[in-house]
Amino acid sequence: MVALSSQGHLNPMLRIGKRLVNKGLHVTLATTEFTVTACSNLPPSTPPPPPFCFFSDGQSLNYDRMANYESYKKSLAKFGTINLSNLISHKKLSCIITNPFLTWVADVAINHGIPCAMFWIQPCSLYAIYYRFYNKLNSFPTLTDPDMSVELPGLPLLHTEDLPSYVLPSILFGSLPKMFSEMFQNMKRYKWVLGNSFFGLEKDAIESMADLCPISPLGPLVPPSLLGEDEDHDRGVEMWKAEDTCIEWLNKEAPSSVIYVSFGSVVVLSAKQMECIAKALKNSNSPFIWVVKQPDLPEPDGFLEETKDQGVIVSWSPQTKVLAHPAIACFITHCGWNSVLETISAGVPVIAYPKWSDQPTNAKLIVDVFRIGLRLRANQDGIVSNEEVERCIREIMDGPKCVELKSNARELRIAAREAVAGGGSSDKNILLFVDEIIESCV
Ligand code: UDX
C-alpha cells in the first residue's frame, strides 16, 4: 500500500491493511520519509501489522512542503517514481493499493506488471460525481450557467452549494482538477477501486456506478473500538499529540450534554468566524470541547475566562474517544469524510459547517440522505453568525427534530457495525478482493 503523508489518508489505509492481514495477506505500507517526522507516533510505537517502509520524496526533511505545494508535488512524482520503483523491485508483490492523489503510483505498478487498486478516501457519492464530471457524462454548472442544479443517478438533486469544489467552473484551473481529469479518464489502470464507506450508507450511489466503473466499499475504516470490535490499541498515526485530559473532563459531564467542535486537520477559520462560534458556544450554556489548532484563539468578551467552567479548548483531541463518550450530544464539524464516518460509527448527530472539497456534498448527504444532522448557513459575507450557530445547537439538542436525528444516528451506528462484522457487506467485499488478488497470482 502507498499512502500520502496525511493523517486523514494514512489512518484509513492502515485499517485496510489490518483487515487484509486478518484475512491472511502480507501487507507493507510505504510512505514518504517525511511522514516519520510529521507523525508523533510512527514506528516503533505504532503497533504492527502492517509494517512500514519509507521512500524519499526528493526534498530535505525540513523543506516546507505545504508552502511550496505545487513544486513539491512535481518532486514527489519524480523522485517517488524512482525511489518507490527501487524499493519494490526485488519484492514479489501481488497488488499495490494506492491513494488516488498519487496518480504516478499506478504507472509504477504497471511498469512492474503488478495489478493496482485505488483506495478512494472520500464518499462513494463523490467518486460517482467526479467520474461523471471528468468523463463528461452529465451536465454540470458552467461559467455561463453557474447556478444550474445537477441531477445524477443515485444522488439527491445537487445545488451549487452542495457540489464539491473540483467541479465548480470557478475552480477548474488548479492542479487538482488536472490530476482528477487524468485519473478519471484513465481508470483502466486500476483493476479495483476500493471505498471507505459501506453499502447500507451509500447504496444508491454505489449501485449507480456498478456498470460504469464499480467501487467496492470496505468500511467504515475507523478504529475498531468505535465499531464495537475488540480494542486493539488502534489510535492510528497522529500528526499532532492529542490532549487526553479532555476525556477526564468528559467523565464528569452528564450523558448527552456536551457539544464537540472540530474542523479537522486542514481547515482554518477566520478570526471573525471563530468569534461567532465562541459567542454561540457561550450563549448555549452547554458544556463543550472545542479543538482550536490556531495558536491564537480570538477572545471575544473574555471568552476563555468566562467559559472556563463551561468548556474545554484543546489543540488536538483524541477525537474517536471523544465521539464514543456517552456525554457527547452533537458534533459541529467541517464534514471531512473521516469525521463523518467516525460520528456515524459513534451514533452522534451532526451540525455541518462544510468549507470546500468534498465537504459541501458530505453535508448534503448528512442532511438529506443519512438524515443525521443540520447544516449551518453562511450570510452574504460567507460568515455563519452566532445566532445561526445557536439556532442549530438549540434545534439539535432540544428541537422538534432532535429525537428523529438521534434515532437515525443510532440506526446508522448499528448498520456500520453490521457492515464490518463477519458476513457483513464490507467484510464480504474484503474477502472478494482477497480472493481476486490470490487468483491473479496463480
Ligand atoms: C481531509 C479533507 O479536508 C476532507 O474534506 C476529506 O474528506 C478527507 O481529507 P481532514 O480535513 O483532515 O481531511 O478531515 P477528516 O477527514 O475529518 O480527518 C480528520 C482526522 O483527524 C479524523 O480521523 C479525526 O478523528 C482526527 N482528529 C481531528 C483528531 O484525532 N483530533 C482532532 O482534534 C481533530
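As annotated in an unreviewed UniProt entry, the protein carries the name Glycosyltransferase and is attributed to Populus alba x Populus x berolinensis. Database annotation for the protein, UniProt heading Pathway (unreviewed entry): "Pigment biosynthesis; anthocyanin biosynthesis."

**Q** Any chance you could break down the pairing of strand S10 (residues 328-333) for me, citing the residues and the numbers?
**A** The buried count for S10 comes to six of six residues, which makes it a mostly enclosed element. When strand S7 (residues 258-262) meets S10, the two strands line up parallel, connected through five bridges. Within S10, the position partnered with Tyr260 by the bridge is Phe331. Summarising the sheet, S10 and strand S11 (residues 350-352) pair through three bridges and their orientation is parallel. Pairing of Phe331 across the sheet is with Val350, part of S11. Handedness of the crossover joining S10 and S11 through helix H12 (residues 337-346) is recorded here as right-handed.

**Q** Quick one: what's the story with the packing of helix H14 (residues 386-398) against helix H15 (residues 402-420), residue by residue and with numbers?
**A** The contact between H14 and H15 brings their axes to 6 Å, and the two run at 70°. Judged by the inter-axis angle, H14 sits roughly perpendicular to H15. Between H14, through Glu395, Ile396, Met397 and Asp398, and H15, the contact on the second element is made entirely by Cys402, Leu405 and Lys406. Residues belonging to the contact of H14 with H15 are distributed by class as follows: four nonpolar, no polar and three charged.

**Q** Any chance you could break down the site of the ligand for me, citing the residues and the numbers?
**A** Taken together, the neighbourhood of the ligand is formed by 17 residues, with Ser265, Ser317, Ser339, Glu342 and Asp358 sitting nearest. A distance of 2.8 Å separates an oxygen atom of the ligand from a polar atom in the backbone of Trp337. Within the side chain of Gln359, a nitrogen or oxygen atom sits 2.9 Å from an oxygen atom of the ligand. Protein coverage of the free-state accessible area of the ligand, which is 660 Å², stands at 94%. Only S7 and H12 provide two or more residues apiece to the shell around the ligand. Examining the composition of the shell around the ligand, we find that four residues originate from one element, H12, more than from any other. Taken together, the residues of the shell around the ligand break down into five nonpolar, ten polar and two charged.

**Q** Break down the sheet that holds strand S4 (residues 116-120) for me, citing the residues and quoting the values.
**A** Taking strand neighbours across the sheet as the criterion, the four strands line up as S3-S4-S5-S6 in an open arrangement whose pairing is parallel. Sheet topology places strand S3 (96-98) and strand S6 (216-217) at the edges, where each strand pairs with a single neighbour. Note that strand S5 (residues 192-195) and S6 share two bridges and pair parallel. Bridge pairing links Leu194 to Ser216 in S6. Along the sheet, helix H1 (residues 7-22) makes contact with S3, S4 and S5, crossing S3 at roughly 150°.

**Q** Please provide a residue-by-residue account of the packing of helix H3 (residues 69-88) against helix H4 (residues 104-111), values included.
**A** One can describe the packing of H3 onto H4 by two numbers: an axis separation of 10 Å at closest approach and a directional angle of 35°. When the axes of H3 and H4 are compared, the crossing they make is right-handed. On H4, the residues touching Leu76, Ala77, Gly80, Thr81, Leu84, Ser85 and Ile88 of H3 are Trp104, Val105 and Val108. Tallied by class, residues from the contact of H3 with H4 come to seven nonpolar, three polar and no charged.

Procedures and definitions
- Residues numbered from 1 in each chain as written.
- Predicted model: local features only at pLDDT ≥ 70, side-chain atom pairs only at ≥ 80, totals over all residues.
- Heavy atoms only, no water.
- UniProt positions renumbered as here; feature names shortened; annotations may be inferred.
- Buried < 20%, exposed > 50% of the residue type's maximum accessible area, 1.4 Å probe, protein only.
- Helix = DSSP H or I, 4+ residues; strand = E, 2+ residues; numbered from the N terminus.
- Pairing = 2+ DSSP bridges.
- Right-handed = clockwise from strand over helix to strand, strands pointing away.
- Axes fitted to C-alpha atoms, helices over the stretch in contact; angles between N-to-C directions.
- Parallel < 35°, antiparallel > 145°, perpendicular 65-115°, else oblique.
- Contact = heavy atoms within 4.5 Å.
- Nonpolar A, V, L, I, M, F, W, Y, C, P; charged D, E, K, R; others polar.
- Near = heavy atom within 4 Å.
- Polar contact = N/O pair within 3.5 Å; in protein donor to acceptor, adjacent residues only side chain to side chain.
- Areas by Shrake-Rupley, 256 points an atom, 1.4 Å probe, with all protein chains shown as cover.
- Left-handed = near helix turned anticlockwise from the far one by under 90°.

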